[in-house]
Amino acid sequence: MGQIVIAYYSESGNTEQMAGIVAKGVEAAGGEAKVVTVDQVTADDLKAETVFALGCPALGEEELEADTVEPLTAEIEGFAAGKKIGLFGSYGWGDGEWMRLWVDRLTKAGAEVLGGEDAICTDAPDDEAEAKLMELGKKLASA
């Protein structure tokens, strides 16, 4: 198993913190994590991976970040079939609709979304969110 890429976008630092916890889960399960911001990775980089994770907070009216995460997701949809992808992110309002839509998009594109929409939290991750993020990391490492 090579490094598992964990790419994220963060404005307040909450999703960045979440990426670090996912990485700890990967490492706890014996894997190696490579944590990067979404502007440090391309769709071509991820196309070569069988397992990876993406993190993005809810922005606007529960939407993905429009300049980097949305275009990256659109490209990933073109090669998602057979990939195992973990999704995570935080939100400050709403009910997590952006994550349900994100999971649905990638599932319809043929990806197996590990953990579904479990790895979300309001604002900074609390103990419950940390446990779910660690579990996501472990699933990524064993996928």
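Structure's up top.
What comes next concerns the included structure. Numbering of residues starts from 1 in every chain and runs along the sequence as written. Given that the model is predicted, a residue must reach a pLDDT of at least 70 before its local features are reported, and side-chain atom pairs must reach 80 or more before they are shown or counted; all residues, however, enter totals for whole chains, interfaces and linings. No hydrogens and no water enter the side-chain calculation; it runs on all heavy atoms of the structure.

When you go through the protein chain residue by residue, the secondary structure sums to five helices and six strands. When the helices and strands of the protein chain are placed in sequence order, the string is β-α-β-α-β-α-β-α-β-β-α. Relative to the globule expectation of 15 Å for 143 residues, the C-alpha radius of gyration of the protein chain, 13 Å, shows essentially globular dimensions. Reported as C-alpha extents along the three principal axes, the dimensions of the protein chain are approximately 35 × 30 × 25 Å. The numbering of helices and of strands both runs from the N terminus, where a helix is a DSSP run of H or I of at least 4 residues and a strand a run of E of at least 2. We compute the radius of gyration from the C-alpha atoms alone; for a globule the expected value is 2.2 Å times N to the 0.38, where N is the number of residues.

The subject of this paragraph is the pairing of strand β3 (residues 51-55). Within a regular beta strand, the side chains point alternately toward one face of the sheet and then the other, so they alternate between its two faces. The buried fraction of β3 is high, at five of five residues. Side-chain alternation along β3 places V51, A53 and G55 on one buried face and F52 and L54 on a second face that is also buried. Note: two strands are recorded as paired if DSSP finds a minimum of 2 bridges between them. One ladder, built from four bridges, connects strand β1 (residues 3-8) with β3; its direction is parallel. Residue A7 lies in a different strand from β3, and its bridge partner there is L54. The pairing of β3 with strand β4 (residues 84-91) spans five bridges and is parallel. Paired with L54 across the two strands is L87, which belongs to β4. Seen with its strands pointing away from the viewer, a crossover is right-handed when the path leading from the first strand over the helix to the second is clockwise. Each parallel crossover has a hand, and for β3 linked through helix α3 (residues 69-77) to β4 it is right-handed. Note on exposure labels: buried denotes an accessible area under 20% of the residue type's maximum, exposed denotes more than 50%, and partly exposed covers the range between, all computed with a 1.4 Å probe on protein chains only.

In this description, a disulfide is simply a cysteine sulfur pair whose atoms lie within 2.5 Å. Enumeration according to the criterion identifies zero disulfides in this entry. Free cysteine C56: the closest other cysteine sulfur is in C121, separated by 13 Å. Look at C56 and you get buried, because its relative accessible area is 0%.

Right, let's talk about the packing of helix α1 (residues 14-28) against helix α5 (residues 127-142) for a bit. Any two packed helices are characterised by the angle at which their axes cross and by the distance between the axes. All axes here are fitted lines through C-alpha atoms, helices being fitted over the stretch that makes contact, and every angle between N-to-C directions spans 0 to 180 degrees. Axis separation between α1 and α5 bottoms out at 7 Å; the angle between their running directions is 50 degrees. Classified by the interaxial angle, the pair formed by α1 and α5 is oblique. Relative to α5, the crossing made by α1 is right-handed. Between α1 and α5, the contacting residues are M18, I21, V22, K24, G25, V26 and A28 on the first element and E130, L133, M134, L136, G137, K138, L140 and A141 on the second. For classification purposes, angles smaller than 35 degrees are called roughly parallel, those larger than 145 roughly antiparallel, those between 65 and 115 roughly perpendicular, and all remaining angles oblique. In this scheme the crossing of two helices becomes right-handed for a clockwise turn of the near helix relative to the far one and left-handed for an anticlockwise turn of less than a right angle. Residues are treated as being in contact if the distance between any of their heavy atoms lies within 4.5 Å.

Only one rule defines a salt bridge in this text: a Lys or Arg side-chain nitrogen within 4 Å of an Asp or Glu carboxyl oxygen. A complete count under the given rule lists five salt bridges for this structure. With its nearest N and O atoms 2.8 Å apart, the salt bridge here joins R105 to E77. With R105 in helix α4 (residues 97-108) and E77 in helix α3, this residue pair connects regions lying 28 residues apart in the sequence. Ionic pairing is found between K132 and E128, a salt bridge with its closest N-O pair at 3.3 Å. Note that K132 and E128 are positioned in helix α5 at a spacing of four residues, about one turn of the helix. On the basis of relative accessibility, which here comes to 52%, the residue E128 falls in the exposed class.

Another point: unusual backbone geometry. Phi at E62 is positive, roughly 55 degrees, even though this residue is not glycine. When you line up the elements, E62 lands in the loop between β3 and α3. The backbone of D123 sits at a positive phi, close to 60 degrees, despite the residue not being glycine. Here D123 is to be found in the loop between β6 (120-122) and α5.

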